Amino acid sequence: MIPKLLSPLLILLLWLTSGNALQAGKLSFSNGRFSVEIPAGWKKSSIKEESSALLQFDAPGGSGSFSTYQLPVVKERKADLEGTLTARIRAFEKAGLKLSAKVQSQKQENFDGKPAIFGVVPVEATAQGVVVRFTYYLVLIDAKDSVILMQAALPRPLTPELQKDALSIIQSFREKSPGF
């Protein structure tokens, strides 16, 4: 009789544990083609700000967020990372965010074997008379048939722990090798 009682409890425990796995750890997206590792304490966002985000997580205490997008590249065309970064910055401005400094961007030719651009976008927004300052870390990766956009929205001043977490997510990006 004890095994019959333990079985439903074990199933419930496994079910609850698997739900927590969605909150932190290695997560795949785009049918398992890509992955990132989300630090412990980060939780899947309960507010889906943009329906096009493949992954959307909030930092502990809601102090920041991380989102991942996949933008298609027209067949037989090359990804325009600089143009995509410029368009993203314009979208921020169009949404009412004010750039508080010049955008810093840097190219990297080998980000998990792919070309990428990193952009640091410091912005300010005014809500109910209060100025809110934050920084977007943008990473655009040329995945041939698409551009992977990783976006971290972080408050300023930025705590070392939050910066470390955001950078660890970005640096964990991997594309699954064909044939595995």
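Residues numbered from 1 in each chain as written. Predicted model: local features only at pLDDT ≥ 70, side-chain atom pairs only at ≥ 80, totals over all residues. Heavy atoms only, no water.

Caption draft 1: Quick peek at the nonpolar core. One finds Met150 and Phe173 to be the most contacted residues of the largest nonpolar core, which totals 25 residues. Where this core is concerned, the elements lending two or more residues are strand S1 (25–29), strand S2 (34–38), strand S4 (55–58), strand S9 (130–142), strand S10 (146–155) and helix H3 (160–171). Listed in part, the 20 residues of the second largest apolar core include Ala53, Ile117, Tyr136 and Leu140. (Core = buried A, V, L, I, M, F, W, Y, C linked by side-chain atoms within 4.5 Å. Buried < 20%, exposed > 50% of the residue type's maximum accessible area, 1.4 Å probe, protein only. Helix = DSSP H or I, 4+ residues; strand = E, 2+ residues; numbered from the N terminus.)

Caption draft 2: Seen up close, the packing of aromatic side chains. The final tally for this structure, using the stated rule, is six aromatic pairs. Their ring planes at 15° and their centres at 6.0 Å tell us that Phe111 and Phe173 sit as a pair that is stacked. Of this pair, Phe111 sits in strand S7 (residues 104–111) while Phe173 is found in the loop between H3 and strand S11 (174–175), placing the two residues 62 residues apart along the sequence. Through pairs of rings, three or more aromatic residues link up here, namely Phe29, Phe34, Phe111, Phe118 and Phe173. Cation over ring: Arg88 sits above Tyr69, and NZ or CZ is 5.1 Å from the ring centre. (Phe/Tyr/Trp six-rings, centres within 6.5 Å; stacked < 30°, edge-to-face > 60°. Lys NZ or Arg CZ within 6 Å of the ring centre and 35° of its normal.)

Caption draft 3: Inspection of the environment of Leu154 at higher detail. As for its position among the elements, Leu154 is in strand S10. Here Leu154 falls in the buried class, since its relative accessible area comes to 1%. A sequence separation of 89 residues divides Leu154 from Ser65, and the C-alpha atoms of the two residues are 6.7 Å apart. Residues contacting Leu154, with those up to four places away along its chain left out, are Gly64, Phe134, Thr135, Tyr137, Leu162 and Ala166. (Contact = heavy atoms within 4.5 Å.)

Caption draft 4: Up close: the pattern of salt bridges. Going through the model one piece at a time under the given rule, you end up with five salt bridges. In this structure, the salt-bridge partner of Arg133 is Glu124, at a minimum N-O distance of 3.2 Å. Through salt bridges with shared partners, a single ionic network connects Arg33, Asp112, Lys114, Asp145 and Glu175. (Salt bridge = Lys/Arg side-chain N within 4 Å of Asp/Glu carboxyl O.)

Caption draft 5: Representation of the layout of surface pockets. What the second largest pocket holds in volume is close to 270 Å³. Residue lining of the second largest pocket: 15 residues in total, with Gln106, Phe118, Val120, Val139 and Leu167 positioned closest to the centre. Listing elements by their share of the lining of the second largest pocket, those giving two or more residues are S7, strand S8 (114–127), S9 and H3. The leading source of residues in the lining of the second largest pocket is S7, at six residues. For the lining of the second largest pocket, the residue count by class is eight nonpolar, six polar and one charged. (1 Å grid on protein atoms, 1.4 Å probe; cavity = no way out; pocket = protein on both sides within 12 Å on 5 of 7 lines; lining within 4 Å. Points joined across faces, edges and corners; volume = space filled by probe spheres on them. Nonpolar A, V, L, I, M, F, W, Y, C, P; charged D, E, K, R; others polar.)

Caption draft 6: Inspection of the sheet that holds S11 at higher detail. Here three strands make up an open sheet; going across it, the order is S1-S2-S11 and the pairing antiparallel. The sheet terminates laterally at S1 and S11, the two strands that pair on one side only. Taken together, the five bridges between S1 and S2 define a ladder with antiparallel strand orientation. Following the sheet pairing, Gly25 is matched in S2 by Ile38. (Pairing = 2+ DSSP bridges.)

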